[in-house]
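Chain residues, written in single-letter form:
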Amino acid sequence: MRATTVPPGTPCPAPSPGDVPLHRLEVAGPGAAPFAAGSFEAVGPLSRADHPHRHTFYEIVHVTGGSGTHVVDLARLPVRPPQLTVIRPGQVHHWEGGRRLDGTLVLFTDDFLVDHPGDREVLRRLGGLCRLAPDAAEDERLRRLMAELVGEYRERAEGYESVLRSLLHVLVVRLSRLPGRPGTLPPPGGRQAALAESFARLIAGPEAAGRTVGECADRLGVTPGYLTQAVRAATGRSPGRLLIEARVYHAQQLLAHTELTVRQVAARTGFADPAYFGRFFRRETGVSPGAFRKHHSRHDPSLEATPPPA
């Protein structure tokens with residue numbers, strides 16, 4: 001997928017003032033698989049970055065040792081090995097006080113899931129959870145599976161990409177079974193399920209701020225009525241409600257992880273009038289933007305927040 005991968009050593013583009021840095025996945029060359037796996041040491045310093053940042057790719061983190069706090073969006077997660085976290089493209093995260101972190105990371109872009117497109121929905125839901133905690137037996141199975149992924153990635157023997165995709169699919173299925181899972185694997189979907197997934201991807205990024213249901217339907221090549229029917233069938237919620245939640249979520253990210261003023265956050269989320277943005281934000285969250293920022297400051301060690309809506 002364009003703009004999601006870069007050659008090794010490519011610097012991260014300088015973000016706009018107040019924006020959260022966006023990192024792309026480093027791959028060996030133009031034809032290399034958009035995938036990487038290894039230990040914290042092998043992946044490099046960014047694997048335990050202490051500054052808020054986002055990715056263009058998925059990251060599955062299996063922590064087997066160490067201490068500290070993993071901050072994912074607005075949730076602060078004390079490191080309690082063994083644990084797993086799924087970080088979706090666009091989610092903001094960083095580590096605080098990470099000491100002797102040990103484990104395995106698996107990184108891949110959305111298009112690496114081409115063989116198992118249903119995994120996208122599972123990962124989207126898993127990314128809405130804070131932490132997955134396997135028992136001892138399941139953790140041992142996951143360690144072996146992670147080791148297989150790392151071995152295939154390192155050796156790059158003939159057919160390794162198909163093996164990686166198959167192993168990754170097994171990993172996603174295994175994760176969906178862990179305590180705290182959002183549900184079972186979605187059944188094979190038809191046109192409506194595919195449309196709902198496309199809508200979820202369309203509204204996931206900050207560029208969706210201010211879009212209407214009609215505009216989204218036009219971009220997806222369907223009528224607003226059909227889009228509403230498909231999204232309700234897949235999620236139980238209307239596309240209008242999901243657009244509102246995505247808008248609030250983006251505003252929360254900016255307030256919690258940047259130093260943009262409230263007026264600037266309002267503009268970034270599609271509000272020309274900061275006062276109206278304040279009323280909207282208070283209506284949806286129960287607090288003002290300023291109060292939210294104060295409570296969710298990354299420097300507040302007592303913060304325990306719920307994840308964004310899946």
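Please refer to the structure higher up on the page.
Cut-offs applied
- Residues numbered from 1 in each chain as written.
- Predicted model: local features only at pLDDT ≥ 70, side-chain atom pairs only at ≥ 80, totals over all residues.
- Heavy atoms only, no water.
- Salt bridge = Lys/Arg side-chain N within 4 Å of Asp/Glu carboxyl O.
- Helix = DSSP H or I, 4+ residues; strand = E, 2+ residues; numbered from the N terminus.
- Buried < 20%, exposed > 50% of the residue type's maximum accessible area, 1.4 Å probe, protein only.
- Expected span 1.5 Å × (residues − 1).
- Contact = heavy atoms within 4.5 Å.
- 1 Å grid on protein atoms, 1.4 Å probe; cavity = no way out; pocket = protein on both sides within 12 Å on 5 of 7 lines; lining within 4 Å.
- Points joined across faces, edges and corners; volume = space filled by probe spheres on them.
- Nonpolar A, V, L, I, M, F, W, Y, C, P; charged D, E, K, R; others polar.

Engineer: Explain the pattern of salt bridges residue by residue, including any values.
Structural biologist: Going through the model one piece at a time under the given rule, you end up with twelve salt bridges. Here Arg144 ties to Glu140 by a salt bridge, and the two come within 3.7 Å at their closest N and O atoms. In this pair, Arg144 and Glu140 both sit in helix H3 (residues 136–155), four residues apart, roughly one turn of the helix. The class of Arg144 is partly exposed, set by a relative accessible area of 46%. Of the charged contacts in the structure, one is a salt bridge between Arg283 and Glu284, with a shortest N-O distance of 3.1 Å. Arg283 sits in the exposed class, given a relative accessible area of 54%. Judged by relative accessible area, which is 24%, Glu284 ranks as partly exposed. One network of salt bridges, in which partners are shared, links Glu121, Arg124 and Arg125.

Engineer: Which residues make up helix H5 (residues 191–202), and what are the values?
Structural biologist: Taking 1.5 Å per residue as the helical rise, H5 with its twelve residues ought to reach 16 Å, and the 16 Å between its terminal C-alpha atoms agrees with that figure. Taken together, the buried positions of H5 are occupied by Leu195, Ala196, Glu197, Phe199, Ala200 and Leu202. The secondary structure elements touched by the buried residues of H5 are helix H2 (118–126), helix H6 (213–220), helix H7 (224–235) and helix H8 (239–257).

Engineer: An account of the layout of surface pockets is requested, with residue identities and associated values reported.
Structural biologist: Here the second largest pocket defines a volume of roughly 480 Å³. Along the walls of the second largest pocket sit 25 residues, with Arg24, Glu26, Val43, Leu46 and Leu107 positioned nearest its centre. Looking at the lining of the second largest pocket residue by residue, the class counts come to 15 nonpolar, seven polar and three charged.

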